[in-house]
Amino acid sequence: MNIPVKIAGIGFNVPEAVITNDDLTKIIDTSDEWIRTRTGIERRHVLSGNETAVEMGIKAAEKALAKSKIDVEEIDLIIAAASVETHAYPSSACEIQAAIGAINAACFDITAACSGLIYGMGIARAFIKSNSAKTVLIVATDAVSRCLDWTDRTTCVLFGDGAGAMVLTVSDDGQDDILAIDLKAEGNLGDFIKMPIPGKNCPLVEPNEEEKMFVKMDGKEVYKYVVTKLPGYIEECVAKSGLKMNEIDYLVPHQANLRIIEALEKRLDFAPSHVISNIQEYANTSAASIPIALVEAIEKGTIKLPCSAILTGFGAGMTVGTTVVKLREGIA
Ligand code: ACO
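Throughout, residues of each chain are indexed from 1 in the direction in which the sequence is written. Per-residue local features are limited, in this predicted model, to residues with pLDDT of at least 70; the limit for side-chain atom pairs, both in listing and counting, is 80 or more; totals at the level of whole chains, interfaces and linings are taken over all residues. Excluding hydrogens and water, the side-chain values take into account all heavy atoms of the structure.

With that out of the way, let us pick up the overall build of the protein chain. Helix and strand definitions follow DSSP, with helices as H or I runs of at least four residues and strands as E runs of at least two, each counted in order from the N terminus. Scanning the protein chain from terminus to terminus reveals 10 helices and 13 strands. Each radius of gyration is computed over the set of C-alpha atoms, and the globule rule expresses the reference value as 2.2 Å times the number of residues to the power 0.38. Against the globule reference of 20 Å for 332 residues, the protein chain gives a C-alpha radius of gyration of 19 Å, in line with a compact fold. The principal-axis extents of the C-alpha atoms in the protein chain amount to approximately 60 × 45 × 35 Å. Of all 332 residues assigned to the protein chain, the portion counted as buried reaches 55%. Working rule for contacts: check all heavy atoms of both residues, and any pair within 4.5 Å makes them a contact. The contacts of the protein chain with a sequence gap of at least 6 include a subset with a gap of at least 24, amounting to 76%. Each residue gets one of three labels from its accessible area relative to the maximum for its type: buried under 20%, exposed over 50%, partly exposed in between, using a 1.4 Å probe on protein chains only.

The next thing to look at is the layout of surface pockets. Taken as a whole, the largest pocket holds about 1,100 Å³ of empty space. Grid points spaced at 1 Å and placed over the protein atoms alone form the basis of the search, with a cavity being a set where a 1.4 Å probe fits but cannot get out and a pocket an open set showing protein on both sides within 12 Å along at least five of seven lines. Lining residues have an atom within 4 Å of a point. Taken together, 44 residues form the lining of the largest pocket, with Phe 159, Ile 193, Val 215, Met 217 and Val 222 sitting closest to its centre. Elements supplying a minimum of two residues to the lining of the largest pocket: α2 (32-39), α6 (153-156), β9 (193-194), α7 (219-241), α8 (258-268) and β12 (307-315). At 5 residues, α7 tops the list of elements feeding residues into the lining of the largest pocket. Tallied by class, the residues present in the lining of the largest pocket amount to 23 nonpolar, 14 polar and 7 charged. Grid points are joined across faces, edges and corners, and a volume is the space filled by probe spheres set on the points. Residues are sorted three ways: Asp, Glu, Lys and Arg are charged, Ala, Val, Leu, Ile, Met, Phe, Trp, Tyr, Cys and Pro are nonpolar, and all the rest, Gly among them, are polar.

This part is about the site of the ligand. Taken together, 27 residues lie around the ligand, and Thr 30, Arg 38, Lys 220, Asn 257 and Ala 316 are the ones closest in. Two N or O atoms form a polar contact when they lie within 3.5 Å of each other; inside protein one atom must be a possible hydrogen donor and the other a possible acceptor, and for residues adjacent in sequence the pair counts only when both atoms belong to side chains. Backbone polar atom of Gly 219 to a nitrogen atom of the ligand: 2.9 Å apart, as the coordinates give it. Take Asn 257: an N or O atom from its side chain is 2.5 Å from an oxygen atom of the ligand. Taking a 2 Å distance to the grid points as the criterion, the majority of the atoms of the ligand fall inside the largest pocket. Classifying every residue of the shell around the ligand gives 14 nonpolar, 8 polar and 5 charged. The source of the domain bounds is an automatic or database domain assignment. Split by domain, the shell around the ligand shows at least three residues from each of two domains, domain 1 (5-170) and domain 2 (178-327). A molecule or strand has a residue near it when one of that residue's heavy atoms lies within 4 Å. For a cavity or pocket, the test is whether more than half of a molecule's atoms lie within 2 Å of its grid points; if they do, the molecule sits there.

On to α8, then. Buried within α8 we find Leu 258, Ile 260, Ile 261, Leu 264, Glu 265 and Leu 268. Down the axis of α8, the buried set is contained in an arc of 160°. They therefore lie on one face. Residues of α8 that are buried sit in contact with α2, α7, β11 (250-253), α9 (279-282) and β12. Two to three positions downstream of the cap, the backbone nitrogen of Arg 259 sits 2.7 Å from a side-chain oxygen, assigning the N-cap of α8 to Asn 257. Of the residues one or two after α8, Asp 269 is the one with positive phi, at around 60°. To obtain the arc, one takes the directions from the helix axis to the C-beta atoms.

Attention now goes to unusual backbone geometry. Tyr 89 connects to Pro 90 through a cis peptide bond whose omega is 5°. Look at the link from Gly 317 to Met 318: it is a cis peptide, with omega at -10°. With respect to the helices and strands, Met 318 occurs in the loop between β12 and β13 (319-327). Its identity is not glycine, yet Asn 131 carries a phi of approximately 65°, on the positive side.

Ordered in space as β1-β7-β6-β4-β5, the 5 strands form an open sheet in which the pairing is mixed. The open sheet has two free edges, formed respectively by β1 (5-13) and β5 (106-110), since each of these has just one partner strand. Across this sheet, the average inter-strand angle for adjacent strands is 15°, counted without regard to direction. Bridge count for strand β4 (residues 77-81) against β5 is 5 bridges, and the pairing is parallel. Following the sheet pairing, Leu 77 is matched in β5 by Ala 106. Note on pairing: two strands pair once DSSP finds at least 2 bridges between them. Axes, fitted as lines to C-alpha atoms, cover a helix only where it is in contact. Angles between the N-to-C directions of the axes lie from 0 to 180 degrees.

Take Ser 68: it is sitting in helix α3 (residues 53-68). A polar contact is formed between the side chain of Ser 68 and the backbone oxygen of Leu 65, at a distance of 2.7 Å. Ignoring sequence-local partners within four residues, the contact set of Ser 68 consists of Ala 8, Gly 9 and Val 167.

Domain boundaries assigned for the protein chain yield domain 1 (5-170) and domain 2 (178-327). For domain 1 and domain 2, the distance between their C-alpha centres works out to 14 Å. On the domain 2 side, the residues contacting the 45 residues of domain 1 number 46 residues. By definition, the buried area sums, over both parts, the 1.4 Å-probe accessible area that each loses when the two are put together. Summed over both partners, the interface of domain 1 with domain 2 comes to about 3,700 Å²; 68% of that surface belongs to carbon and sulfur atoms.

Our focus in this paragraph is the environment of Ser 48. Inspection of the secondary structure puts Ser 48 in the loop between β3 (43-45) and α3. Ser 48 has contacts with Ala 17 and Arg 146, leaving out every residue within four places of it along the chain.

Below you can see the structure in the form of structure tokens.
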């Protein structure tokens, strides 16, 4: 039996504090002009005080659930996708479960960096199609600002914080909203983007030195990899969807660099107005960037529902995730 999957609701949340490119010139040798022309970024939202990625995730989840009109107790599974967990344990998914009262949900976290939402969708879809879950909440939330070396201008200008959430459930009208999904990984390219978690040997074994937990990235290699490989991966996924590229309404790519987004737009021959970009406002919010871009574009009317769309992400690993979806009215 082929169980059809419905995208029932999506939502996002970002913290209030905003840092502009000009603000950054107070702490590093950079300029608004350099950041805008190389990346498209103008400002980013960042956590302050005791705010956490989990709190952003809870707010995004509540919005997605409200749109889905599904009772919280109907959620069978929560998958939290983050590049960096708020705690090693308990999992972010468990913390979100407790906060929203999803008492019947199993919970776990996944790490697929900026491909986290699409990896989460792939897992959720498999659970639903195998009749192992009826309703799954995916929460993609990342607080990269807490893991940046704010003296390293090659990384700290690129990221912001945010969360997005999506509710998937069994479709009641037979329409399968996920037409195709394709997950890839190239672990041999793991050195392109790395964030070591400091751990210390027992002091009886050897003296310990303080280690730092910062994002390190070879931006040029990531850039080359993405513009070379991603268009072909997207074409492969579209071929599996049963649609042709020119039948798909919108392209919603991971927001890492405006130049990458424009390269995809040209290569895949999308009209600029149908390629979603909000990197100007939020920078790269890692796992959260696709749902934030998607929901904001729906709220602003840039994406008109119902429609079809490609969601595509790439990130540390390297991981890549692409899906071709149908988006119904009222989901955001
Ligand atoms: N301000 C001013 N100058 C800077 C800055 C800055 N913030 N950062 C670097 N520079 C300088 C460099 O020092 C270098 O100077 P030099 O020529 O004197 O040595 C010059 O600018 C050019 O630096 P490049 O690294 O060559 O700049 P490039 O044009 O490659 O742009 C960038 C860098 C924006 C990082 C680009 O490579 C990029 O966007 N790559 C993709 C990143 C990406 O997609 N990451 C995904 C991460 S997702 C995840 O999983 C976490």
